[in-house]
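# Breakdown of the fold
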Amino acid sequence: MADGRAQIRRRAGPRLWLSALWLGLLALAALLAPWIAPKDPLAQDLFLGRLPPFWAAGAEPGYWLGTDSLGRDVLSRLIHGARLALTVALVAGSITCLIGATLGLLAGYLRGWVDIVISRAIDIWMAFPPVLFSILLIAVLGPGLSSIIIAIVVIDWTRFARVVRAEAMAQGAMDYVASAQVAGRSRLSTMVTEILPNVLPTIVVLLTLEMGIAVIVEAILSFVNLSISTDDPTWGGMIAEGRTSIHQAWWVLIFPLIALFLTVLSFSQLGEGLKDRYDPVLR
Amino acid sequence: MSFLTVTNLSARLKGTGFPILRRVSLSVAAGQVHGLVGESGAGKSMIGKAVLGILPSSVEITEGRIELDGVDLLSLPLKERRRRIGATAALIPQDPLTALNPSRRIAPQVTDRLVDILGWARARANARALELLHEVQIPDPERVLRSYPHELSGGMRQRILIASAFAAEPKLIVADEPTTALDVTVQKQILKLIAEMQARHGTALLFVTHDLGVVSKVCQSLSVLYGGMVVEDTPVRDFFRAPAHAYSRALLAATPKYTDPMASLVPVPEAVIAGVQAELAAFDRGARHG
Amino acid sequence: MQLLRTFLLRLLTTAITLIGVAVIVFVVIRVVPGNPIAMMLPPGATDEDIARLTAQYGLDKPIPEQFLIWASGVLQGDFGTSITARQPVLDLVLGRLPATLELSIMALVIAVILGGVMALTGTRARGTKVEAGIDVANGMALSVPDFLWGLVLILLFGVLVPVFHISGRVTPSLDLPFTTNFYLFESVLRLRFDLWADIVSHMFMPALALAIPLAAIIGQLLKQSLKETMHLDYVTLSRTKGYGENHVITREALPNAILPTLTLVGVQFTFLIGGTVIIERLFSYEGLGNMAIDAVINRDLPLIQGIVILFAVIFTAVNLVVDLSYALLNPRLRHG
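Residues numbered from 1 in each chain as written. Chains lettered and ligands numbered in written order. Predicted model: local features only at pLDDT ≥ 70, side-chain atom pairs only at ≥ 80, totals over all residues. Heavy atoms only, no water.

## Re the interface of chain C and chain A
Listed by partner, the interface residues are 48 residues for chain C and 36 residues for chain A. Between chain C and chain A the total buried area reaches about 3600 Å² when both faces are included, carbon and sulfur atoms providing 85% of it. Of all residues in chain C, Phe 147, Leu 148 and Leu 155 of chain C bury the most surface against chain A, accounting for 15% of the area lost on that side. Linking chain C with chain A are 0 salt bridges. Of all the elements in the fold, those that place two or more residues in the side of chain C that touches chain A are α1 (2-29), α6 (129-143), α7 (146-160), α11 (245-282), α12 (288-297) and α13 (301-329) of chain C. (Contact = heavy atoms within 4.5 Å. Buried area = accessible area lost by both parts, 1.4 Å probe. Salt bridge = Lys/Arg side-chain N within 4 Å of Asp/Glu carboxyl O. Helix = DSSP H or I, 4+ residues; strand = E, 2+ residues; numbered from the N terminus.)

## Structural notes on the interface of chain C and chain B
Listed as interface residues are 20 residues of chain C and, on the opposing side, 27 residues of chain B. Buried area between chain C and chain B, both sides added, is near 2100 Å², and the carbon and sulfur share of it is 54%. Sorting the residues of chain C by area buried against chain B places Thr 240, Lys 241 and Tyr 243 of chain C first, and these three jointly supply 30% of that buried surface. Linking chain C with chain B are 3 salt bridges. The partner of Glu 252 of chain C in a salt bridge is Arg 104 of chain B, with the nearest N and O atoms 2.6 Å apart. At the junction of chain C with chain B, the criterion picks out 12 residue pairs in polar contact (both at pLDDT 80 or more). (Polar contact = N/O pair within 3.5 Å; in protein donor to acceptor, adjacent residues only side chain to side chain.)

## Notes on the confidence of the model for chain A
Residues and elements named next belong to chain A. The share of residues in chain A with pLDDT of 70 or more is 90%, and the mean pLDDT across the chain is 83. Confidence, expressed as mean pLDDT per element, reaches its minimum in chain A at helix α7 (residues 175-182) with 70 and its maximum at helix α3 (residues 74-110) with 93. Across residues 1-10, confidence stays below pLDDT 50; counting only partners more than four residues off in sequence or on other chains, it has 5 contacts. (pLDDT = per-residue confidence, 0-100.)

## Notes on the packing of helix α6 (residues 154-166) of chain B against helix α7 (residues 184-201) of chain B
All names here are of chain B. At their nearest, the axes of α6 and α7 sit 11 Å apart, and the two run at 15 degrees to each other. One way to sum up the angle between α6 and α7 is to call them roughly parallel. The interaxial crossing formed by α6 with α7 has right-handed handedness. Residue-level contacts link Gly 155, Gln 158, Arg 159, Ile 162 and Phe 166 of α6 to Val 186, Gln 189, Ile 190, Leu 193, Ile 194, Met 197, Gln 198 and His 201 of α7. Class assignment for the residues of the contact of α6 with α7 results in 7 nonpolar, 5 polar and 1 charged. (Axes fitted to C-alpha atoms, helices over the stretch in contact; angles between N-to-C directions. Parallel < 35°, antiparallel > 145°, perpendicular 65-115°, else oblique. Left-handed = near helix turned anticlockwise from the far one by under 90°. Nonpolar A, V, L, I, M, F, W, Y, C, P; charged D, E, K, R; others polar.)

Shown next, in the form of structure tokens:
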């Protein structure tokens, strides 16, 4: 057992660092986008439409990863798109985590009618097709960054609530919690001081996974053209554009796809790495 | 002529190299019962497992021979070795509650070896299963054959496993502490049943146990193990009259009497343990040099 | 008896869930800004026209009253009329349902086969590099969602090595003799294997995209479960009977390892069905999900409602079936 786990840790090492490296680069690109992007991501030039990337024949210097059908620079749009992707990941991920984990904690620890109401709500939420639900919400809320964030929070809180509820329930049944209560502490303070610290590793792992999911949801919403205004550079929007011109200009699709792929993979590897290292429960 | 001969068998843990068996030699003659005794961790179960080719994957054999009916098992390729063992030997496992597959009915678990390995017709195998269940005194065997394991008691399941072990008339059966997991009241009956079956079928039996009382009742000869090493290999009569090794004497003194299980639990004296450990160390040095 | 009571209780909670879904969808889409009726009429329509049509669709009444009207209609099998298509919602939805069902089931079959092969190979090769490789592949398949796999497949097998169709459900120029919308199924019944091949070639990519994450989950859970089972005494006993490792894995360990995997796969299958929405969009596959996105974009309230309810019914039905089959497959529960 013991050396088996050591092996897992050793293997998790490089994956963890590579993931952190990619996410760090991404964060840097997002922060410095206006200074490091070689072109204006919105500038159109129909004479320079569908230029291939730098290594292919017919490439134009300065347009490293080519241009889309409107002549917009793919690399610059990618860099600016990282801003939105990471904003959504951080903000939507954190708010979802806060709300979902709180509800799960309350349901799992307080039990009784609080648990009944929250569990029933989770059941109902689980019966919704999530992608359709998010598209519906965006249609209702109107396009824009805050709408995307609200949609993600409204849909994904159950991911946290389900796991944290089960976890809090298991912890609540343990002796140390009972002894804390006998010692005359209030239920709420027991929850925060005794249960929360034990559930925290699980929550952190779920949070990293949720950030990856948020990036995907944003891309999906941009893809069906319901995210932000259509001009703004988003990875999902670039993918939608790339999908339509896939036979003429594959590079418009492939670069945002690679960026999205690596980002999602990194978030989940980060979560896995943290799980192996710190979480006694999910491990 | 002995049916099973183990010669200089050594095994160790993969990775750490911790020795599990130290040049173990023993032989069991056809129709004889040989006991393997020792405290837990002495390696007695490992010998039985090595013979049947079911050592845990973390244990590797480093040297020695295991001859079953004159064939060196370790020289055979895995598939052939398994078939050979399946056709000539069988296991009565320790815990009847976990040794039957919960999702299969009893009948195929008794007959599968007959049909799949020995090529019997299904009808003949089923008739044989019925006969065997009668023989191990299971009431209403037709119903039991149609049952799932969880519908039967522990004692009943052990009877089925015994029946299954004798199904193919093997020449050798390894009984791996077959009564330890059972209720005290059932233990005696099962022990008696195994002894009767062995006598009637004339099967050689390798009986793994930590209970010298059991050995005195069913075995003709025994090997005493400590730390994976055979410290004494002797006929049962001689052993109980005058155990040769200090560790054997201590073990015998520490064994509760059958009639009064709780009485006289004398622990093995530390001096004896120190002595036998010194022997182990000397043995390892010898093995390294020779 | 016990089983029956559990079943009835599950039926009751399922009903509550479905009512909850209906209420939420109903309220959410009625907060939609912009009048959907105005969008349907040609420019220059008068306010009177709009008011008349609004009344015709019952959209002028208070929301609770609208809900009661709608719910009583649903109980009689009337889901209202689509605003854009001007056809009964039920007809439209049932017309598209076969396409989505066929896609989901094909994806499930692929996932079970892929996941099963991964788990069995991994168990057979436990402790070797092959197992480590399978673990890495599983981990990657699991972390990346169906949407991205769909895009990867489009690039690989639609553009780089164009062997499959990446758009639509069937080649439009083909003459279809079908009387139902279960194209895949009916093409087999009619022995039209030319059409069947065309349909499969259209379905395979979206189905595979949906299947990859589920295959990884099945592979991982089943392998874990198999490895635990391989240590049990009855597996060891079967080795002493003379059986080879393949037999031991598939006959002794597998039947017992499948059960714990099954319940989890049930929930995951509903996720897969939920994924059809975006995958159908990505592959321009004419199923329910594609229709749903169009309905949202066109603000077709009755249609959106109908589709969401149908999805909810499918999800809860899948969960119910899985729970039941779990009870039926487990001999301990069956006879206990």
